[in-house]
Amino acid sequence: DPTILQAARTLGIPEHRIFFRIMLGMAKPGILGGTVLGFSRALGEFGATLMIAGNIPGRTQTIPIAIYFASEGNNMEQAYFWVALIVLISFSVVVLLNTTSRSTKA
């Protein structure tokens, strides 16, 4: 409700406090729900990847399976490397899609 934000501004609350206290407070149920749904979806995707793609040593391995086996083998440096790589790839794809969608709209 925008009137809540207007009321907070009228009372002189700084913008950063409005964001952290009011906006995030109101969005908390949605953020938590999205996190739970995203986590459960990720678990489902991981299981499907493990079942379909499999893991033939030296021949096939996906990044999520590489992260799993590196962390299970207590090789956290390698697991962090794979996590950083997949996050970098994901953000690159998001930026690329946003850039191309903006250029086609103009």
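Look a little higher up for the structure.
All values reported here derive from a predicted model rather than from experimental measurement.

Undergrad: Which residues make up the overall build of the chain, and what values do they have?
TA: Scanning the chain from terminus to terminus reveals 4 helices and 0 strands. Mapped from its N terminus to its C terminus, the chain presents α and β elements in the order α-α-α-α. Taken over the C-alpha trace, the chain has a radius of gyration of 21 Å; the compact-globule value for 106 residues is 13 Å, which it surpasses by more than 25%. A principal-axis box enclosing the C-alpha atoms of the chain has dimensions of 65 × 40 × 25 Å. Looking at the 106 residues of the chain, the share that counts as buried comes to 9%. Of the contacts made within the chain by residues no fewer than 6 positions apart, 3% connect residues no fewer than 24 positions apart. For the chain, the exposed surface amounts to about 8,500 Å²; the carbon and sulfur share of it is 69%.

Undergrad: I'd love a proper account of the packing of helix H2 (residues 15-52) against helix H3 (residues 63-72), names of residues and values included.
TA: At their nearest, the axes of H2 and H3 sit 10 Å apart, and the two run at 95° to each other. Judged by the inter-axis angle, H2 sits roughly perpendicular to H3. Across from Phe 46, Thr 49 and Leu 50 in H2, the residues of H3 making contact are Pro 64, Ile 65 and Tyr 68. Residues that form the contact of H2 with H3 fall into these classes: 5 nonpolar, 1 polar and no charged.

Undergrad: Any details on a nonpolar patch on the surface? Residues and values, ideally.
TA: Residues Phe 19, Phe 20, Met 23, Leu 24 and Ile 31 make up a contiguous nonpolar surface patch of roughly 450 Å² in combined accessible area. Structurally, the position occupied by Phe 20 is in helix H2.

Undergrad: Hey, could you go over the environment of Leu 5 for me, with residue numbers and the actual values?
TA: Within the secondary structure, Leu 5 sits in helix H1 (residues 2-10). C-alpha separation for the pair Leu 5 and Arg 41, spaced 36 residues apart in sequence, amounts to 33 Å. Leaving out residues up to four positions away in the same chain, Leu 5 has contacts with Ile 18, Ile 22 and Met 23.

Undergrad: How would you explain the packing of aromatic side chains if you had to name every residue and give the values?
TA: Tallying each qualifying case throughout the model produces 3 aromatic pairs. Summarising the aromatic geometry, the rings of Tyr 68 and Phe 69 are spaced 5.2 Å apart at their centres and angled 65° between planes, so their arrangement reads as edge-to-face. A relative accessible area of 35% places Tyr 68 in the partly exposed class. Among the residues examined, Phe 69 registers a relative accessible area of 36% and is labelled partly exposed. Aromatic pair Phe 81 and Trp 82: ring centres 5.2 Å apart, planes at 65°, arrangement edge-to-face. With a relative accessible area of 23%, Trp 82 lands in the partly exposed category.

Conventions and cut-offs
- Residues numbered from 1 in each chain as written.
- Predicted model: local features only at pLDDT ≥ 70, side-chain atom pairs only at ≥ 80, totals over all residues.
- Heavy atoms only, no water.
- Helix = DSSP H or I, 4+ residues; strand = E, 2+ residues; numbered from the N terminus.
- Rg over C-alpha atoms; globule rule 2.2 N^0.38 Å.
- Buried < 20%, exposed > 50% of the residue type's maximum accessible area, 1.4 Å probe, protein only.
- Contact = heavy atoms within 4.5 Å.
- Areas by Shrake-Rupley, 256 points an atom, 1.4 Å probe, with all protein chains shown as cover.
- Axes fitted to C-alpha atoms, helices over the stretch in contact; angles between N-to-C directions.
- Parallel < 35°, antiparallel > 145°, perpendicular 65-115°, else oblique.
- Nonpolar A, V, L, I, M, F, W, Y, C, P; charged D, E, K, R; others polar.
- Patch = residues over 30% accessible without salt bridge, like charges linked within 9 Å, V, L, I, M, F, W, Y side chains within 5 Å.
- Salt bridge = Lys/Arg side-chain N within 4 Å of Asp/Glu carboxyl O.
- Phe/Tyr/Trp six-rings, centres within 6.5 Å; stacked < 30°, edge-to-face > 60°.

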